[in-house]
Amino acid sequence: MSDNRQVPFGKPQIGEEELSAVTDVLRSGILVHGKITPAFEAAFAQRIGTKHAVAVSSCTAGLHLTLFVKGVGPGDRVAIPAMTHVATAHSVELCGATPVFVDVEEDTGNMDAGILQSLDGPMRAVIPVHYLGLPCEMGRINRYAEQKDAFVLEDCALAVDSTYAGRKAGGLGLAGSFSFYPVKHMTSIEGGMITTDDDELAAQLRKRRAFGYNRALGERTRPGIYDVDELGFNYRMSEVEAAVGLAQLPKLDGWAQKRKANYERLRARLLEIDGITVFASERGEAKGSHYCLNAVLPRNGSLKRDEIVDHLSENGIGSSVHYPSAVPLFTYYKERYGYKSGQFPVAEWLAEQTISLPVGPHIEDSDVNRIADTFKEAVRKARNG
Ligand SMILES: *Cc1c(COP(=O)(O)O)cnc(C)c1O
């Protein structure tokens, strides 16, 4: 092949706007507690269509902080999908509560609302994860939560600008937590954002992300004087991170168009291959965010993922896996709760047989063809042993 350029799975898009925004902040000497973080919060809230957005240090911090502020603790059960980033489960564990794992749908990888609805017993919260950015069946999930008097916290790490019934993810439950880790839809280096319409929750999130101070820096009548009447973290976002995030927002629409176009072209090419499942980016009322394209190999194991991934890497094509294990089968959860393989068949199949291919804004038309050609070649090679 003539073109040997590396095609990475993800690549943060950093331009002149981000560079100059960062140097401005560094030169200003105000690195936290400045005006950029509130500006980023306001712009993000407006984009998602929620009343509030609270910037935090990561999506994981946002999930943990929200559960903590809602008083989730020992004895509480929280329903989460068995196929997600371990962050979702850890946020529950960190509160001393118990994650209740729900297997996922085989055509979307999202929490199976039918299985959720069959769960008996008390449930304090539900954390639907919009897998690869496709919104979960929020109608059924919200109905279940209402019956149980549980609140819904969306894991929106991969769901920037995803919509369900015309509303954006992050505004579909009580709150949503987004990630700005470098290879997500947009970055603030590290960082996250919690969106909510709930005034009281937003105020508490702001207070508890900063030690539980009773007065924010700007509210102090004498410098350095505050009281602490509640427990809190340091989960703040820095001004440098907020400046990067804010500079990215105006570029999101263009990136989204590129993602969608790349996704559709790659999907059409991969559907030509027998036996490969390609996850859809839309279903019913749900419209996804085209985070990546997942090709899933047959359940009978006739194709070995390692062989395909190795062939892709040898030819310069980056890929990823979302995610490498059903969460209950990660060693920590397995040893703690005694889960066994076979209990979450769909999540386990995805963990073993899914390959995430890049469709981000760094991918050019010629890359799409190369990815598809190389993938086809890899399958042919793997089939012929
Ligand atoms: C990446 C990711 C997270 C973690 O995000 P951080 O900002 O790195 O904490 C959580 N949930 C999902 C579904 C993710 O993909």
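Further up the page is the structure itself.
Every value quoted in this text rests on a predicted model; they were computed, and no experiment measured them.

Reading the values: rules and limits
Residues numbered from 1 in each chain as written. Predicted model: local features only at pLDDT ≥ 70, side-chain atom pairs only at ≥ 80, totals over all residues. Heavy atoms only, no water. Phe/Tyr/Trp six-rings, centres within 6.5 Å; stacked < 30°, edge-to-face > 60°. Helix = DSSP H or I, 4+ residues; strand = E, 2+ residues; numbered from the N terminus. Buried < 20%, exposed > 50% of the residue type's maximum accessible area, 1.4 Å probe, protein only. Lys NZ or Arg CZ within 6 Å of the ring centre and 35° of its normal. Polar contact = N/O pair within 3.5 Å; in protein donor to acceptor, adjacent residues only side chain to side chain. Contact = heavy atoms within 4.5 Å. Pairing = 2+ DSSP bridges. Axes fitted to C-alpha atoms, helices over the stretch in contact; angles between N-to-C directions. Left-handed = near helix turned anticlockwise from the far one by under 90°. Nonpolar A, V, L, I, M, F, W, Y, C, P; charged D, E, K, R; others polar.

Draft legend 1. Representation of the packing of aromatic side chains within the structure. Tallied over the entire structure, the rule returns 18 aromatic pairs. An angle of 85 degrees between the planes, with centres 5.8 Å apart, marks the rings of F101 and Y333 as edge-to-face. Of this pair, F101 sits in strand β3 (residues 98-102) while Y333 sits in helix α11 (residues 331-337), and the two are 232 residues apart along the sequence. The exposure class assigned to F101 is buried, which follows from its relative accessible area of 6%. Ring geometry for Y332 against Y333: centres 4.8 Å apart, planes inclined by 80 degrees, an arrangement best described as edge-to-face. Owing to a relative accessible area of 43%, Y332 belongs among the partly exposed residues under this scheme. Of the residues examined, Y333 reaches a relative accessible area of 0% and is grouped as buried. Ring-pair connections join several aromatic residues into one group, and the members of that group are F101, Y332, Y333, Y337, Y339 and F344. In this structure, K70 is placed above the aromatic ring of F151, and the distance from its NZ or CZ to the ring centre is 5.4 Å.

Draft legend 2. Region of the structure containing the side chain of T84. Along the chain, T84 falls in the loop between β2 (77-81) and α4 (86-94). Take T84: its relative accessible area is 0%, and that puts it in the buried class. Among the polar contacts made by the side chain of T84, one reaches the side chain of T88 at a distance of 2.7 Å. Residues contacting T84, with those up to four places away along its chain left out, are V129, D155, Y323 and V327.

Draft legend 3. Broad picture of the pairing of strand β14 (residues 354-358). With 5 of its 5 residues buried, β14 lies for the most part within the structure. Alternating residues of β14 divide into T354, S356 and P358 and I355 and L357, and every residue in both groups is buried. Summarising the sheet, strand β13 (residues 292-296) and β14 pair through 5 bridges and their orientation is antiparallel. If you follow N294 over to β14, its bridge partner there is S356.

Draft legend 4. Looking closely at the sheet that holds strand β6 (residues 163-164). The strand order across the open sheet built from 4 strands is β7-β6-β12-β11, with neighbouring strands paired in antiparallel fashion. Edge strands, defined here as strands with exactly one partner in the open sheet, are β7 (167-168) and β11 (282-283). In this structure, β6 lies alongside β7, joined through 2 bridges in antiparallel fashion. Following the sheet pairing, T163 is matched in β7 by K168.

Draft legend 5. Broad picture of the packing of helix α2 (residues 36-48) against helix α8 (residues 239-248). Running from N to C, α2 and α8 cross one another at 35 degrees; their axes reach a closest spacing of 8 Å. Relative to α8, the crossing made by α2 is left-handed. Residues I36, T37, P38, A39, F40 and A43 of α2 pack against E239, A242, A243, G245 and L246 of α8. The residue inventory of the contact of α2 with α8, partitioned by class, reads 8 nonpolar, 2 polar and 1 charged.

Read these as spatial facts, not as claims about activity.
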